[in-house]
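Breakdown of the fold
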Amino acid sequence: MWEMTGGSAVVNQTEQQQKVSESDPFYGKVFQLEPDRQAYTGIMLLGSSKESNVGTDFSMMMNDKATDDYDIHKWSFKYAGKDDTGSYYQIVPAEGNLEVAIGLMSGQKMQEKGELALVTSDPSDSTQLWRLTKYDDWTGISYKIIPKDNQRLSLGVLDDKSNQERYDPIIADGLPYSELWKFIEAPSMDGKIYAFESVGYQDASILPYGVYGGANRSLLRVLPYRAGKNYTWWKFEWVRTEKGTPYYKIISAYKSDALFDWRPSDDHVLEGALNGYNPYDGDLWAIRANNDGTVCIISYADKTKALQWQQLEDDPYVTLGLTKLGTPTNDQKWKLTEVDPNYDPLDGKVFYISPKHTGTDKVIDLESYSVSNGTKMVLYDKREHESQRWRFECVGTATKEGETVRTYCIHSVYAKGKTLDIPGGTTSNGTRSQLWDSGSISNNSNKWIVQDAGSGYYFIIPYNDSTKYLGIAGGSKNNNAAVELWDSSGDNRRWKLTETMEPTTSSSKVPSS
């Protein structure tokens, strides 16, 4: 803390440094670092996240040719302070919360030439602090990366002629080792998750074959799209940018070791292995925007071709291939919807619950509007009464058909402190749902799995038996039809949740018949 003489104002040094860092041009940004010389086109600075390699292992190579040993290729400049010469930084991995930074290898000194390593982060260690000098010429903006306390030296490249895929980063005094560096900023799609939806094949999305137990190098499938299913989600992992175009690996959010992969000898785009090596760079893809809000997925291995869904005569499934891209056709067009895997569309919200087979004119209601324990649930005409409103509270997760799904307590808005329940936790066919005090249940009988059923509908499944579904007895559309459990999933067991409001004051008035 700094105390200002002659007054009571006290300035927190950490807060002041935070304000300075936030105004810094590098604050919050992620970069790849590439030498500016033409001889090193496509080469970038890489590091290792393995704890056993910290302090020893550091390299430069083509990122897509790197192994797990060199999995760090995105860097941030962490503001460390400012003096009369200017600001200085630590250069740290942008991902993984790793407590390491670029510094001198153990035993090295800031002399004419020194080897670098990833070292344990220490902002007080001047050998891991760096200044940046900006250069702007016809090739664009570049930077020289200079040790804080020795401005004769700069970060450069040791060119080992015996290995043209690996180079060593060093600090050195002057050419041929000294380098200018391009800071390639991460594109906005990097690290985000998207759901694909085909334009030409209605309501269809791309799924890894691993959903069905297939091995790597199996075919990717195009199947009817089910919103919210994590096996239709794909993460875009930025690998490099060439001539202003970012290229990504497209990795399954459901099966994290699977990605889009293509080789010239294949007829199809396959499910490749994340850590596999494709000599044709067939696991890299660019995104080209169309004028109608759709995109085309372009192969790095053949930039004239785009991803297309295909129905082949000898294959009963719709698969993916590459075809020449001229004017995009609907089978080459895709809609990308960004997905927040942490977003919960139900938690804390109030809904009317309607079965698909009746439409939204019928909803789950309390029999005779009773608020007593044991009151049965029934189907009834929607009257917008509080007895027909239900608040969903997320209480955890469960596994259903290999998918992680959220679990909920479903609270009655009308009967305060009571929830949708199964008597005694019994889950046999025909068991009717009831109302019960939420605080007196110890057997999970008031917990429910809410699973996406596609097209805006949900399954409501008892936590104690994921083979059963909440539904309307016999598919009846009549008032007072029972709301029960059964082991089938027809339209009378698919539910539309229509959001409504929870009244600020509760009414005990029973609606007239």
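Note that the structure is a prediction, hence the values are computed from the model and not measured. (Residues numbered from 1 in each chain as written. Predicted model: local features only at pLDDT ≥ 70, side-chain atom pairs only at ≥ 80, totals over all residues. Heavy atoms only, no water.)

1. Notes on the overall build of the chain
Check the secondary structure of the chain and you find one helix and 38 strands. Nonlocal contacts in the chain, meaning residues at least 24 apart in sequence, comprise 55% of its contacts between residues at least 6 apart. Accessible surface, the chain as shown: approximately 24200 Å² in total, 46% of it carbon and sulfur. (Helix = DSSP H or I, 4+ residues; strand = E, 2+ residues; numbered from the N terminus. Contact = heavy atoms within 4.5 Å. Areas by Shrake-Rupley, 256 points an atom, 1.4 Å probe, with all protein chains shown as cover.)

2. With respect to unusual backbone geometry
Glycine aside, negative phi is the norm for most residues, and most peptide bonds take the trans geometry. We note that E384 has phi near 60°; this positive angle belongs to a residue other than glycine. Here E384 shows up in the loop between β29 (377–381) and β30 (390–400). Of note in the backbone geometry, N480 takes a positive phi value of approximately 75° without being a glycine. Looking at the secondary structure, you find N480 in the loop between β36 (469–472) and β37 (483–486). With relative accessibility at 43%, the residue N480 sits in the partly exposed group. (Buried < 20%, exposed > 50% of the residue type's maximum accessible area, 1.4 Å probe, protein only.)

3. Points about the sheet that holds strand β9 (residues 113–120)
Strand order in this open sheet of four strands is β8-β9-β13-β12, and the pairing throughout is antiparallel. Looking along the sheet, the strands with just one partner apiece sit at the ends: β8 (100–104) and β12 (154–158). Averaged over neighbouring strand pairs, the angle between their axes works out to 45° when direction is ignored. The pairing of β8 with β9 spans five bridges and is classified as antiparallel. For G103, the partnering residue across the bridge sits in β9 and is A117. (Pairing = 2+ DSSP bridges. Axes fitted to C-alpha atoms, helices over the stretch in contact; angles between N-to-C directions.)

4. Brief notes about the pattern of salt bridges
Applying the stated criterion across every chain, the model contains 20 salt bridges. Among the ionic pairs, E237 bridges to K74, the shortest N-O distance being 2.9 Å. Remark: K74 occurs in the loop between β5 (58–62) and β6 (75–83) and E237 occurs in strand β18 (residues 233–242); sequence separation between them is 163 residues. Classification of K74 by relative accessible area gives buried; the value is 2%. Across the salt bridge formed by K468 and D465, the nearest N and O atoms sit 3.4 Å from each other. As far as the burial class goes, K468 and D465 line up, both buried. Put simply, K74, E95, D190, K235 and E237 are held in one network by salt bridges that share partners. (Salt bridge = Lys/Arg side-chain N within 4 Å of Asp/Glu carboxyl O.)

5. Observations concerning the packing of aromatic side chains
Per the counting criterion, the structure on display carries 23 aromatic pairs. Judged by centre distance (6.1 Å) and plane angle (65°), the rings of F26 and F183 are edge-to-face. Placement of F26 in the loop between α1 (13–22) and β3 (31–35) and of F183 in strand β14 (residues 181–185) is noted, with a sequence separation of 157 residues between them. The exposure class of F26 is buried, given its relative accessible area of 7%. The buried category is assigned to F183, whose relative accessible area is 12%. Where F260 meets W285, the ring centres are 6.2 Å apart and the plane angle is 85°; that geometry is what we call edge-to-face. Note that F260 is positioned in strand β20 (residues 258–261) and W285 in strand β22 (residues 285–289), a separation of 25 residues in sequence. (Phe/Tyr/Trp six-rings, centres within 6.5 Å; stacked < 30°, edge-to-face > 60°.)

6. Overview of the environment of L219
Relative to the helices and strands, L219 is located in the loop between β16 (204–207) and β17 (221–224). Each C-alpha atom of the pair L219 and E271 lies 5.9 Å from the other, and the pair is 52 residues apart in sequence.

7. What about the pairing of β30?
The pairing of strand β27 (residues 350–355) with β30 spans two bridges and is classified as antiparallel. In the sheet register, V350 faces β30, and the bridge partner there is R391. Here β30 runs beside strand β31 (residues 403–412); their pairing, made up of ten bridges, is antiparallel. Bridge pairing links C394 to Y408 in β31.

8. Considering the environment of G47
Within the element layout of this structure, G47 appears in strand β4 (residues 43–47). Distance in space between the C-alpha atoms of G47 and A117 is 8.4 Å, their sequence separation being 70 residues.

9. Observations concerning the confidence of the model for the chain
Close inspection of predicted coordinates is inappropriate for parts of the model with low pLDDT. Put simply, the chain has an average pLDDT of 82, and 80% of its residues get 70 or more. The low-confidence segment residues 1–13 (pLDDT under 50) makes twelve contacts with residues lying over four places distant or belonging to another chain. (pLDDT = per-residue confidence, 0-100.)

10. Considering the side chain of T319
Tracing the chain through its elements places T319 in strand β25 (residues 318–324). Given a relative accessible area of 1%, T319 falls into the buried group. Look past the residues within four positions of T319 in its chain and what remains in contact with it is L219, L220, R221, V222, H268, Q308, W309 and Q310.

11. Some points on the nonpolar core
Counting residues in each nonpolar core, the largest one holds 29 residues, and the members touching the most others are I353, W390, F392 and L470. The element best represented in this core is β29, accounting for three residues. F31, Y89, V100 and I145 belong to the second largest nonpolar core, which has 27 residues in total. (Core = buried A, V, L, I, M, F, W, Y, C linked by side-chain atoms within 4.5 Å.)

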